[in-house]
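Coordinate inspection notes
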Amino acid sequence: VAFPPPPLTNQLEETIVREYAEGISVDNFLESACCVCGMLTIQSELQSLHDRDIDLSPLVPDGPVTCQERHSMDDPIVEIPGPVLLPDCSDVCTKCLKDLDQGKIHSDSLANGLWVGEIPPQLKDLSWTEKMLISRVKHNICIVKVHVSGMSKMKANAVSYSLPMPKIYSVLPPAREDLDEVLVFMYIGPNVPTHKEFKRTPMLVRRNKVKEALEWLKLNHSDYADLDISYTNLNEYSEDEPPVIFNYTQSMESNKDPEATAVNDTEEDEGIEEEDCPFVVHGLTGTNLNKLAELRPYEITAQAV
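The sections below set out a description of the structure shown in this document. (Residues numbered from 1 in each chain as written. Predicted model: local features only at pLDDT ≥ 70, side-chain atom pairs only at ≥ 80, totals over all residues. Heavy atoms only, no water.)

Describing the overall build of the chain
Using the following cut-off: We count a stretch as a helix when DSSP gives it H or I for four or more residues in a row; a strand needs E for two or more, and each element gets its number in order from the N terminus. By definition, residues are in contact when any of their heavy atoms lie within 4.5 Å.
Of regular secondary structure, the chain possesses eight helices and eleven strands. Considering only contacts in the chain between residues 6 or more positions apart, those separated by 24 or more positions represent 73%.

So this is what it looks like as C-alpha cells:
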C-alpha cells in the first residue's frame, strides 16, 4: 500500500458523505415496540402483521397468562381471549416473525408468561418512597441523599445495596418504624428543610395514592391476593414530612462532586431551584460490595453517598 495515500477524488468524497448521511438518517434510529415480545426495535427491522398472512395460534396460551382488570372482589378472574399481543401495536420484529413462520413462539414473547398488561393509573406517578411502601419483597437497603447548594439548587441520589436476606411482608404498608430498617435519609443544605423542600424530594408519601395502589394490586396481582392492607399503618405516615428520621448536615458549599465534574463544566452548582429535584439511583451488587469491602471496609457507604 502506497504511503502517503493519494488525495481523495471528488467521487470518493461524494460517496463518503452520502453513506454517512444515510447512516445517520432518522430511520436508522427510530424505534417502535414489537407486538409479540414488546421490545423496542428499530423500525427498519419491523414488519406489519397486516402485510403478512401469519398464523397467530401459537400466541394463544394453553394456561392462564392474561387477566382482565378487576374492579371489586366480586368480579371473576377472566382471561383476555385470543392471542397475547401488545395493545395498540401491529408491528412484529424479525426474530418473532421467524419463529411464528415456524409455528412456534420466541422465548421473549408476551405469551410465554411475560404478559403484565398496561400500567393502570393507580400505579403511575408513584414517588420513590411510595413504591417502597407497596413493594411486598424488599431486596435492598436504600440510602437517599438530598443536597442543596448555597444557591438553592437541589439534587438527590440514592445508593442501594442488597440485603443478606430479603424481607417479605404479609401486611402492607409496613409499620412506620419498620421502614427505618431499609431506608435512610440524609439532607445537606444551608437551612433545616421545611415542607416546601420536602415536597420537592422523592421522600413524601401520599396516603390516598398508596391506598389505591395496594387495593388495585390485591385485586389484580396474583402475588398480592393474600395481602393484608393495614389502614392503621397507612394512617401513621405523614404527608408533610418524610416517613423516616432525616440526618441534617448544614453546608453552604456547592453540591457538585469534584471527581465527577468534567473539565469544561463551568456550572457552579447542579440541580434545579424549583419543582421536583433530579433523582439518580446507584446500585451496589453483592459481588461489588464484597470486592470493595476487601479494599476499604469502612469507606463503602461514605464514598457512595
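Let's talk about the pattern of salt bridges
The cut-off we apply is this: For this analysis, a salt bridge means a side-chain nitrogen from Lys or Arg found within 4 Å of a carboxyl oxygen belonging to Asp or Glu. Residue exposure (1.4 Å probe, protein chains only): buried if accessible area is under 20% of the type maximum, exposed if over 50%, otherwise partly exposed.
Across all of its chains, the model carries eight salt bridges by this definition. Here Arg 206 makes a salt bridge to Glu 130, at a shortest N to O gap of 2.8 Å. Of this pair, Arg 206 sits in the loop between α4 (195–200) and α5 (207–220) while Glu 130 sits in helix α3 (residues 128–134); the two residues are 76 residues apart in sequence, bridging distant segments of the chain. Overall, the relative accessible area of 39% leaves Arg 206 in the partly exposed class.

Quick look at the nonpolar core
Selection criterion: Nonpolar core, defined: a set of buried Ala, Val, Leu, Ile, Met, Phe, Trp, Tyr and Cys residues in which side-chain atoms within 4.5 Å join the residues together.
Ranked by size, the top nonpolar core spans 36 residues in total, and within it Ile 134, Val 146, Leu 179, Leu 183, Phe 185, Val 210 and Leu 214 carry the most contacts. For this core, the secondary-structure elements that each account for two or more residues are α3, β5 (137–148), β6 (154–168), β8 (183–189) and α5. Ignoring anything within four residues of it in the chain, the contact list for Val 210 reads Glu 130, Leu 133, Ile 134, Val 205 and Leu 234. Counting 16 residues, the second largest nonpolar core, distinct from the first, contains Cys 34, Ile 54, Val 84 and Ala 111.

Digging into the packing of aromatic side chains
Note the cut-off: By convention, a stacked pair of Phe, Tyr or Trp rings (six-membered ring in the case of Trp) has centres within 6.5 Å and planes under 30 degrees apart, an edge-to-face pair has planes over 60 apart, and any other such pair is tilted.
Inspection of every chain in the model, using the stated rule, returns five aromatic pairs. For the pair Phe 185 and Phe 246, a centre-to-centre distance of 6.1 Å together with 55° between the ring planes defines the contact as tilted. Within this pair, whereas Phe 185 is found in strand β8, its partner Phe 246 is found in strand β10 (residues 246–250), the two being separated by 61 residues in sequence. In this structure Phe 185 comes out as buried when scored by relative accessible area, which is 1%. When the centroid spacing of 5.3 Å and the interplanar angle of 70° are considered together, the rings of Phe 198 and Phe 246 count as edge-to-face. In this pair, Phe 198 is assigned in helix α4 and Phe 246 in strand β10, connecting sequence segments 48 residues apart. Here Phe 198 falls in the buried class, since its relative accessible area comes to 5%.

Digging into the environment of Pro 58
Counting through the fold element by element, Pro 58 comes out in the loop between β3 (46–48) and β4 (91–93). The spacing of Pro 58 and Val 84 is 26 residues in sequence and 9.5 Å in space, taken between C-alpha atoms. Once you skip the residues sitting within four places of it in the chain, Pro 58 turns out to touch Gly 103, Lys 104 and Ile 105.

Observations regarding the side chain of Asp 99
Where we set the bar: Charged-residue counts in this description rest on Lys and Arg as positive and Asp and Glu as negative, His and the chain ends being excluded.
Along the polypeptide, Asp 99 turns up in helix α2 (residues 94–101). No salt bridge forms around the buried Asp 99; measuring N to O, its nearest opposite-charge neighbour Lys 104 is 4.4 Å away. In this view, Asp 99 contacts Lys 104, Ile 105 and His 106; residues no more than four positions away in its chain are not counted.

Considerations on the environment of Pro 164
Among the secondary structure elements, Pro 164 is positioned in strand β6. A sequence separation of 24 residues divides Pro 164 from Asn 140, and the C-alpha atoms of the two residues are 8.9 Å apart.

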